[in-house]
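# Architecture at a glance
So the chains spell out like this:
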Amino acid sequence: KPRVLSGIQPTSDSFHLGNYLGALRQWVALQDTADAFYCVVDLHAITVDHDPKVLHERSRVSAAQLLALGLDPERCTLFVQSQVPEHPMLGWILGCETGFGEASRMTQFKDKSSKQERTTVGLFTYPVLQAADILLYQTDQVPVGEDQRQHLELSRDLAIRFNGTYGRTFTVPDPYIVKETATIKDLTDPAKKMSKTSSTPKGCLYLLDEPNQMRKKIKGAVTDSDAEVRFDPENKPGLSNLMNIYTALGNTTFEKLEAEYAGRGYGDFKGDLAEVVADSIGPIATRTKEFLADKAELDRILERGAEKARIVASRTLAKAYKKVGFFAPA
Ligand code: ATP
Ligand code: MG
């Protein structure tokens, strides 16, 4: 079985449709075919402004959402990143293998730092810690959205470089990106990706939204002034994003949608899509609440997950420590 690892940041009270279609849906599917490790990456969450009073609860709500989406602790290892100290420990080593210029090329840093009042070294080195997250588990495949492709490339480069310098230590990971849903766009600004931290509430369809909020957001999504339902991401980015969501959640194709809504305009289309979204995403909130109702059990799941993760992570870290020549008492 291939080894799979991926993570998600507890940077908001709810995940969104982009997280789900771009990554989390694949996480659930891969449980059956892979040896899967999934983590709520709270170390990454403090790279942007955060409120310590809510962060720990968001980690829990994040884990509950993942379980609600179908992650099964019997079939995958689910844990919170800060519970596995090997991550920042390997991160330090990899930071010393990363070129400053190389790290400076990360476009997400440029993007996120321009939106922060204060930019930290942590935000700058976050892709290095992400490489540690991945390499610790000898990961073959990393299910993520398109926005993570460049970071994945860095993880690969670091693995190849480290192996070249010190001898075979890490598996070189491959991105696992589903093309059709690799980037779900912001509903009010289809030039941007939907994001937990930079979308407006109207542009971001949260998994924990009330069904009526979901309907409102879909109906309020930006389209164009013409009224033809046609898949054309270049000229009709807003509508094409909605068609993408429709085909991903409903059992249909672009061709079928184009035929079905020919001459009917956007109103009918958005109304029907709103129902598809409310039907498929709506139940997640209820299931999340159920998992949150038993915090003791939820925390036990995460504790067991961290124990399982540490077994693998500590083995890789010990290997890396030895390779770089760290002191070990005789
Ligand atoms: P943040 O704004 O805090 O960075 P985010 O929405 O980008 O939040 P992450 O926690 O950074 O979410 O990413 C979790 C996963 O979701 C990653 O695999 C990422 O590639 C994927 N993802 C995030 N946004 C989208 C999107 N709009 N479309 C598809 N996949 C996405
Ligand atoms: Mg992100």
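Residues numbered from 1 in each chain as written. Chains lettered and ligands numbered in written order. Predicted model: local features only at pLDDT ≥ 70, side-chain atom pairs only at ≥ 80, totals over all residues. Heavy atoms only, no water.

## Side note on the overall build of the protein chain
The test is simple: Segments assigned H or I by DSSP are reported as helices when at least four residues long, segments assigned E as strands when at least two residues long, and all are numbered from the N terminus. The globule rule is 2.2 Å times the number of residues to the power 0.38, and the radius of gyration it is compared with is taken over C-alpha atoms. When accessible area is computed with a 1.4 Å probe and restricted to protein chains, residues below 20% of their type maximum are described as buried, those above 50% as exposed, and intermediate ones as partly exposed. Note on areas: Shrake-Rupley with a 1.4 Å probe; residue coverage comes only from the protein chains shown.
Broken down by element type, the protein chain carries 13 helices and five strands. Over its C-alpha atoms the protein chain spans a radius of gyration of 21 Å, differing by no more than 12% from the 20 Å that the globule rule assigns to 330 residues. Referenced to the eigenvectors of the C-alpha coordinate spread, the extents of the protein chain come out at roughly 80 × 45 × 40 Å. Burial status across the protein chain gives 52% buried among its 330 residues. Surface exposure of the protein chain reaches about 15,300 Å², of which carbon and sulfur atoms provide 53%.

## Some words on the UniProt feature "binding site: ATP" (unreviewed entry) in the protein chain
Put simply, the test is: UniProt positions are given in the numbering used here, feature names are shortened, and annotations may be inferred rather than shown by experiment. A cavity here means a set of 1 Å grid points, computed over protein atoms only, where a 1.4 Å probe fits but cannot escape. A pocket is an open set with protein on both sides within 12 Å along at least 5 of 7 lines, and lining residues have an atom within 4 Å of a point. Should any heavy atoms of two residues lie within 4.5 Å, those residues are considered in contact.
Here, the residues flagged by UniProt with the feature "binding site: ATP" (unreviewed entry) are Gln9, Pro10, Thr11, Gly18, Asn19, Gly145, Glu146, Asp147 and Ile184. Considered against the largest pocket, the annotated residues that line it turn out to be Gln9, Thr11, Gly18, Asn19, Gly145, Asp147 and Ile184. Relative to the helices and strands, Gly18 resides in helix α1 (residues 17-30). According to the relative accessible area criterion, Gly18 is buried, its value standing at 15%. In this view, Gly18 contacts Ala23, Ile184 and Met194; residues no more than four positions away in its chain are not counted. Note on placement: Asn19 falls in helix α1. Among all residues touching Asn19, those that are not within four sequence positions of it are Ile8, Leu24 and Lys196.

## Quick look at the pairing of strand β3 (residues 76-80)
The criterion, for reference: A pair of strands is labelled paired if DSSP reports no fewer than 2 bridges between them.
Burial runs high along β3: five of the five residues are buried. Of the two faces of β3, both are covered, the one formed by Cys76, Leu78 and Val80 as well as the one formed by Thr77 and Phe79. In this sheet, β3 lies alongside strand β2 (residues 35-40) in parallel orientation, the contact comprising five bridges. Opposite Val40, over in β3, you have Val80 as the bridge partner.

## Some details on helix α12 (residues 265-293)
Quick note on the threshold: Here the expected span of a helix is defined as 1.5 Å times the quantity of residues minus one. One fitted axis covers the seven residues ending at a residue, a second covers the seven starting there, and the bend at that residue is the angle between these axes.
Between the first and last C-alpha of α12 there are 44 Å, a value that for 29 residues agrees with the 42 Å anticipated at 1.5 Å per step. For α12, the principal kink sits at Asp279 and spans about 30°; a proline, Pro283, occurs within the next four residues.

## Quick word on the site of ligand 1
Under the convention used in this document: The cutoff for a nearby residue is simple: one of its non-hydrogen atoms must lie within 4 Å of the molecule or strand. The definition of a polar contact used here is a pair of N or O atoms within 3.5 Å, where within protein one atom must be able to donate a hydrogen and the other to accept one, and adjacent residues in sequence count solely through side-chain atom pairs. A pocket or cavity is taken to hold a molecule when more than half of that molecule's atoms are within 2 Å of the pocket's grid points.
Near ligand 1, the surroundings consist of 22 residues, among which His16, Lys112, Asp147, Lys196 and Thr197 are the closest. One of the side-chain N or O atoms of Ser195 is found 2.8 Å from an oxygen atom in ligand 1. In isolation ligand 1 has 590 Å² of accessible area, and contact with the protein removes 98% of it. When each cavity is represented as a set of grid points, ligand 1 is found to reside in the largest pocket.

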